[in-house]
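Structural overview for review
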Amino acid sequence: ETDVINITTPITKWNYQVTDASEIPEAIARAFHIASTGRPGPVLIDITKNAQLQLFDYMGYKKCSHIRSYRPEPEIRKEYIEKAAALINQAQKPLVLFGQGVILGKAETEFRAFIEKAGIPSAATLLGLSALPSDHELHVGMLGMHGNYAPNVMTNECDVLIAVGMRFDDRVTGRLDQYAKQAKIIHLDIDPAEIDKNVKTTVPVWGNCKKTLPMLTELIQPGNHGGWLQQFRELEKEEVKEVIHNELNPSGEVMTMGEVIKVLNELTNGDAIITTDVGQHQMVASRYAKFNHSKSSVTSGGLGTMGFGLPAAIGAWYGAPEKTVVAIVGDGGFQMTLQELGTIMQFGAKVKIIILNNEFLGMVRQWQQLFNERRYSFVDITSPDFVALAKAYHIDGQKVSERKDLKEALKTALDHEGAYLLEVMVGKENNVFPMVTQGSSVSDIRLK
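Here's a quick rundown of the structure. (Residues numbered from 1 in each chain as written. Predicted model: local features only at pLDDT ≥ 70, side-chain atom pairs only at ≥ 80, totals over all residues. Heavy atoms only, no water.)

Across its full length, the protein holds 17 helices and 14 strands. Expected size for 448 residues packed as a compact globule is a radius of gyration near 22 Å; at 23 Å, the protein falls within 12% of this value. By its C-alpha atoms, the protein is 65 × 60 × 40 Å across when sized along the principal axes. Expressed as a percentage of its 448 residues, the buried residues of the protein come to 53%. Contacts in the protein between residues far apart in sequence, at least 24 positions, make up 74% of those at least 6 positions apart. Summed over all atoms, the accessible surface of the protein reaches about 21,300 Å², with 51% contributed by carbon and sulfur. Each charge class in the protein was averaged separately, 46 positive and 53 negative side chains, and the resulting centres sit 4 Å apart. (Helix = DSSP H or I, 4+ residues; strand = E, 2+ residues; numbered from the N terminus. Rg over C-alpha atoms; globule rule 2.2 N^0.38 Å. Buried < 20%, exposed > 50% of the residue type's maximum accessible area, 1.4 Å probe, protein only. Contact = heavy atoms within 4.5 Å. Areas by Shrake-Rupley, 256 points an atom, 1.4 Å probe, with all protein chains shown as cover. Lys, Arg positive; Asp, Glu negative; His and termini not counted. Charge placed at Lys NZ, Arg CZ, Asp CG, Glu CD.)

With that settled, the discussion passes to the sheet that holds strand S4 (residues 122-124). Spatial strand order, S5-S4-S3-S6-S7-S8: six strands in an open sheet with parallel pairing. With one partner strand each, in any of the chains shown, strand S5 (139-142) and strand S8 (203-206) form the two edges of the open sheet. Across the sheet, the mean angle separating the axes of adjacent strands is 20 degrees when strand polarity is ignored. Sheet topology note: the S4/S5 ladder contains two bridges and is parallel. Directly across from Ala124, in S5, lies its bridge partner Met142. (Pairing = 2+ DSSP bridges. Axes fitted to C-alpha atoms, helices over the stretch in contact; angles between N-to-C directions.)

Over its 23 residues, helix H10 (residues 226-248) extends only 28 Å from the first C-alpha to the last, a length that falls short of the 33 Å expected when each residue adds 1.5 Å. When the local axis directions of H10 are compared, the greatest deviation, roughly 55 degrees, occurs at Val240. Taken as a whole, H10 has its buried residues at Trp228, Leu229, Phe232, Arg233, Leu235, Glu239, Val243, Ile244, Glu247 and Leu248. On its buried face, H10 is in contact with strand S3 (94-98), S5, helix H7 (149-155), helix H11 (257-268) and helix H12 (280-288). (Expected span 1.5 Å × (residues − 1). Bend = angle between axes of the 7 residues up to and from the residue.)

Here it is, written out as structure tokens:
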């Protein structure tokens, strides 16, 4: 048999092989405890064939709440909280970067209280989106390779950088040797392994941010960084002029991905759960979708997992069936997991699927255009009739190629009682900007 335990050790938080059926209840209880506490993560139980066929006297399920060798959260050190507060109180140009740790820690209220008392501009990582409402006065946009202009540039201008529940991955940092060298770094994280992994920290604050943020908030002085915040808004105007206006209000005949998201915002008021695949549509959806509620942005944070959007939407709908769940997918990624239409058909998940079809593997094509003189290699896609495919699974749908039909088609999809597939034909060679090119500093972000 395959050695599943050793194969999965690098990618699981905990794994265990059951060789006797009597071990199953305790193993399951431990698995749920480890997966859901501390920094959440995947666990795996490998039940051997003999254990699967074995009989034993089942005495009932006993929930696991403690494992002697397992410490889900590190000890909070008050002296580091005090040092962090002192740095924040002295800062003239502070910047907060917040990630998924705020959401996983259920610390949205505590985080908001912290930034509002301190008056600090705050930028989200891709996975941190929706932890803070998109229209909050201190929200200055998304970080990263295709994030917003202002927070990327200002990362290399701030004097104190406060990272909350984020991992400083390469899509956020760009060149590490040119990343925030002028700033004092405060890093709040539940996982000590993340601190100093990529970016050297001035003050590490270990612990669940739901606990550490209130302690920090209590020690900081009320702040007003209006002049500093205005610098972000000025750069934001530049991005609107050079990028956002043309993306959301295109003058040409061809539709853009951005205008599809704009109309979706108008119809859902930022209250929908949006899942995405990986690619240009992912970046556009993350840049332009409005998120009023936590956990309403569900996207893949690594490994380029094309096909993530559709199964994620099914899971999101089961988790919140009262919500409108919209999967924003590409013509390439959708074909990786389109068999999940069968799951939707069989179990009745009422997800709305929007395929943004540019007849390319768009993100790879963009790189080949910008850095390889349009020497396109294996990025053209010939797609099936997606609407007919959906109907084969008893899912209604339609295809839209003209702007005049877009809003009504989206409204039809959202109002439809069950699952619905909408294919929207968008510009073939439209690019996603701004962009931090590989090997560049975040302050060298390109607007075009």
